[in-house]
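One letter stands for each residue in the lines below.
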Amino acid sequence: MTEPTMDAVAGARPARGRRMPPLARLTLTRLREFIREPGTIFWTFVFPILLTVALGSAFNHGVTPRTRVAVVDGPGAERVAAALAAHPGLTPERVPASEAGAGLRTGRFALQVTPPEQTGGALAYRFDPTRPESPATRTFVDDVLQRDAGRADARPVKDDAVSAPGTRYVDWLVPGLVGMNVMAGSMWGITFVIVLARQRRLLKRFAATPMRRPEYLLSFALARVVFVLCVDLPLVLGFARVTFGMPIHGSLAAVAAVALAGTFAFSGLAFLCASRARTSETAVGLINMVMVPMMGLAGIFFASSHFPDAVQPLIRALPLSAMNACMRAVINEGAPLSALLPDLAILGTWGSACFALAVRLFRWT
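Residues numbered from 1 in each chain as written. Predicted model: local features only at pLDDT ≥ 70, side-chain atom pairs only at ≥ 80, totals over all residues. Heavy atoms only, no water.

Draft legend 1. How the structure looks around the overall build of the chain. For the chain, the helix and strand inventory stands at 14 helices and 4 strands. Taking all 365 residues of the chain together, 42% fall into the buried category. The long-range fraction of contacts in the chain, counting pairs at least 24 apart against all pairs at least 6 apart in sequence, stands at 71%. Surface summary for the chain: the accessible area is close to 18900 Å², and the carbon and sulfur share equals 62%. (Helix = DSSP H or I, 4+ residues; strand = E, 2+ residues; numbered from the N terminus. Buried < 20%, exposed > 50% of the residue type's maximum accessible area, 1.4 Å probe, protein only. Contact = heavy atoms within 4.5 Å. Areas by Shrake-Rupley, 256 points an atom, 1.4 Å probe, with all protein chains shown as cover.)

Structure, rendered in structure tokens:
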């Protein structure tokens, strides 16, 4: 059986006149392979949009979110529930003590309130202090009930509630989704495809053609750059802008530069994961080993500052943490690239180190 020609590797017919450079042809082949996979299209483009819609809608009602509070039914419950219901942000429910306890365990309620008529004269609060919203709810509920009982403030206060584009949860979420999208697209679009080609013994056949091996690998990275700049960023940021009115305070050039730095870092990590793996099952395991910890630690859906101080240096050193920090600084704060040099250095270090190791470890068989 004859070995595949360069045109067969690139998946294109011989060009008339001036021939397309091999690297450009290989990159075009990578793009064609990508858009021909429905599953890849869904997880790379559709899934982040669905996440943006779901989470953005959940935290962007245009009204004050309400916290559910259990009021133990019995003497005094009607008065306590009425006092709490008069304030925005609280939804009291009169329930038996057993149901209130079960609701605390399952997260249905943030706080359980027992009226003083049932405890011998003192308001009783029951909550889980490890849940971030519970201590705050306890303080708020106690203030409401104490005021209802006649307590007056020593000094007047003035509240200034802010809920404008640029300060909402969705504005904080979307830059993290961009980082997650760049990571997922690189890991699945590079690692899995290369390992699958090795499993099918295609890499060995490609290596026997006149194709330069570095150009084959570089074509994956260039294809990711094209998709990130031409599809990923416009799609996610454009959708958030149109749907939720999310502003971009920084320059689009800075956003693109951060995306390129992230693509470089995650492409290097993807090549390193693909350098030795022989089966698709191994590739899936390596991809999950890289992505799952970073999705939990790097601050996509909630701030990484919630983790203990002891692990903060490790979290800040993750490439996804660095990319998310840069994206949020540019999009939400309008920061220039000069203010992002430490995080950009982290991305550059990850990309350079992983590419260097991948070149030394990569196997074509």
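Draft legend 2. Inspection of the packing of helix H7 (residues 169-199) against helix H13 (residues 319-333) at higher detail. Axis separation between H7 and H13 bottoms out at 9 Å; the angle between their running directions is 140°. Accordingly, the angle class assigned to the pair H7 and H13 is oblique. The two elements H7 and H13 cross, and the hand of that crossing is right-handed. Each of Asp 171, Trp 172, Leu 173, Pro 175, Gly 176, Val 178, Gly 179, Met 180, Val 182 and Met 183 in H7 lies in contact with H13, whose residues at this interface are Leu 320, Met 323, Asn 324, Met 327, Arg 328, Ile 331 and Asn 332. Partitioned by chemical class, the residues of the contact of H7 with H13 number 11 nonpolar, 4 polar and 2 charged. (Axes fitted to C-alpha atoms, helices over the stretch in contact; angles between N-to-C directions. Parallel < 35°, antiparallel > 145°, perpendicular 65-115°, else oblique. Left-handed = near helix turned anticlockwise from the far one by under 90°. Nonpolar A, V, L, I, M, F, W, Y, C, P; charged D, E, K, R; others polar.)

Draft legend 3. Highlighting the packing of aromatic side chains. For the coordinates displayed, the defined rule picks out 9 aromatic pairs. An angle of 50° between the planes, with centres 5.7 Å apart, marks the rings of Tyr 216 and Trp 364 as tilted. Taken together, the residues Tyr 216 in helix H9 (residues 213-244) and Trp 364 in the segment after helix H14 (341-361) connect sequence positions 148 residues apart. Each member of the pair, Tyr 216 as well as Trp 364, carries the same accessibility label: buried. One aromatic cluster in this structure is built from Phe 206, Tyr 216, Phe 220, Phe 362 and Trp 364. A cation over an aromatic ring shows up here: Arg 30 above the ring of Phe 220, its NZ or CZ 4.6 Å from the ring centre. Sitting over the face of the ring of Trp 172, Arg 328 holds its NZ or CZ atom 3.6 Å from the ring centroid. (Phe/Tyr/Trp six-rings, centres within 6.5 Å; stacked < 30°, edge-to-face > 60°. Lys NZ or Arg CZ within 6 Å of the ring centre and 35° of its normal.)

Draft legend 4. Representation of the environment of Pro 115 within the structure. Looking at the secondary structure, you find Pro 115 in the loop between strand S3 (111-114) and strand S4 (124-126). Sequence spacing of Pro 115 and Val 80 is 35 residues, and the spatial spacing of their C-alpha atoms is 6.8 Å. Ignoring anything within four residues of it in the chain, the contact list for Pro 115 reads Val 71, Val 72, Pro 75, Gly 76, Ala 77, Val 80, Ala 122 and Leu 123.

Draft legend 5. Main features of the packing of helix H10 (residues 252-274) against helix H11 (residues 280-297). Contact geometry for H10 and H11: axes closest at 9 Å, N-to-C directions at 145°. H10 and H11 meet at a crossing whose hand is right-handed. Along its contact with H10, which presents Phe 266, Leu 269 and Cys 273, the element H11 presents Leu 286, Val 290 and Met 294. Of the residues contributing to the contact of H10 with H11, the split by class is 6 nonpolar, no polar and no charged.

Draft legend 6. Structural context of unusual backbone geometry. Even without being glycine, Arg 201 reaches a positive phi, approximately 65°. Classification of Arg 201 by relative accessible area gives exposed; the value is 61%.

Draft legend 7. Spatial organisation of helix H4 (residues 77-85). Listed in full, the buried residues belonging to H4 are Ala 77, Val 80, Ala 81, Ala 83 and Leu 84. Seen from one end, H4 has its buried residues packed into an arc of 160°, which puts them on one side. Elements in contact with the buried residues of H4: strand S1 (67-72), strand S2 (90-95), S3 and helix H6 (133-148). (Arc of directions from axis to C-beta.)

Draft legend 8. Fine view of the sheet that holds S3. The strand order across the open sheet formed by 4 strands is S2-S1-S3-S4, and the pairing between neighbours is mixed. Only two strands of the sheet have a single neighbouring strand rather than two, namely S2 and S4. Each strand axis lies, on average, 25° off the axis of its neighbour in the sheet, ignoring direction. Strand direction decides the pairing type here: S3 and S4, joined by 3 bridges, are antiparallel. Pairing of Thr 114 across the sheet is with Ala 124, part of S4. Contacts from H4 reach S1, S2 and S3, with the element oriented near 165° to S2. (Pairing = 2+ DSSP bridges.)

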